[in-house]
Amino acid sequence: METRKRTLVKAIVWNIIGLTVMALVGLILTGSVAVGGAMAVVNTVIGLTMYVLYERVWARISWGRHHV
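Just so we're clear, the structure is a prediction, and the values are computed from it rather than from any experiment.

A. Quick peek at the overall build of the protein chain. Along the protein chain, the regular secondary structure elements total two helices and zero strands. Against the compact-globule benchmark of 11 Å for 68 residues, the protein chain has a radius of gyration of 16 Å, which places it well outside the compact range. Along the three orthogonal principal directions, the C-alpha set of the protein chain runs to about 55 × 20 × 15 Å. For the protein chain, the proportion of contacts with a sequence separation of at least 24, taken over those separated by at least 6, is 56%.

B. Broad picture of a nonpolar patch on the surface. A surface patch of nonpolar side chains, amounting to about 920 Å² of accessible area, comprises V9, V13, W14, I17, V21, L24, V25, I28 and L29. Mapping I17 onto the fold places it in helix α1 (residues 4-30). Its relative accessible area of 46% is what places I17 among the partly exposed residues.

C. Just helix α2 (residues 33-59), in detail. Taking 1.5 Å of rise per residue, 27 residues should cover 39 Å, and α2 covers 38 Å from first to last C-alpha, within 8% of that figure. Burial in α2 covers these residues: G36, A40, T44, E55, R56 and A59. Packed against the buried residues of α2 are α1. Backbone nitrogen of A34 and a side-chain oxygen of the N-cap are separated by 3.3 Å at the start of α2; the cap is S32.

D. Here's a closer look at the side chain of T44. If you trace the backbone, T44 turns up in helix α2. Overall, the relative accessible area of 13% leaves T44 in the buried class. Setting aside residues no more than four positions away along its own chain, T44 makes contact with N15 and L19.

E. Just the side chain of E55, in detail. With respect to the element layout, E55 can be found in helix α2. K10 provides the closest opposite charge to the buried, unpaired E55, separated from it by 4.1 Å.

F. Summary view of the environment of R65. Mapped onto the elements of the fold, R65 is located in the segment after α2. Sequence spacing of R65 and V52 is 13 residues, and the spatial spacing of their C-alpha atoms is 20 Å.

Quick notes on the rules
- Residues numbered from 1 in each chain as written.
- Predicted model: local features only at pLDDT ≥ 70, side-chain atom pairs only at ≥ 80, totals over all residues.
- Heavy atoms only, no water.
- Helix = DSSP H or I, 4+ residues; strand = E, 2+ residues; numbered from the N terminus.
- Rg over C-alpha atoms; globule rule 2.2 N^0.38 Å.
- Contact = heavy atoms within 4.5 Å.
- Patch = residues over 30% accessible without salt bridge, like charges linked within 9 Å, V, L, I, M, F, W, Y side chains within 5 Å.
- Areas by Shrake-Rupley, 256 points an atom, 1.4 Å probe, with all protein chains shown as cover.
- Salt bridge = Lys/Arg side-chain N within 4 Å of Asp/Glu carboxyl O.
- Buried < 20%, exposed > 50% of the residue type's maximum accessible area, 1.4 Å probe, protein only.
- Expected span 1.5 Å × (residues − 1).
- Polar contact = N/O pair within 3.5 Å; in protein donor to acceptor, adjacent residues only side chain to side chain.
- Lys, Arg positive; Asp, Glu negative; His and termini not counted.

Below you can see the structure in the form of structure tokens.
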């Protein structure tokens, strides 16, 4: 099982990537830096929260793991 700190760092790095991509997509679709940026921030906050919760739930499930 991985530590909470590792899960959090993974989630943050992944969401920085997602934030960048979403900001670019928002900018391209709306033509507005403010609207594209707002879309990206909302998406990142929701995505980060859901990812951390998802990872922590799966960390408690032993199904499919090989025990050494």
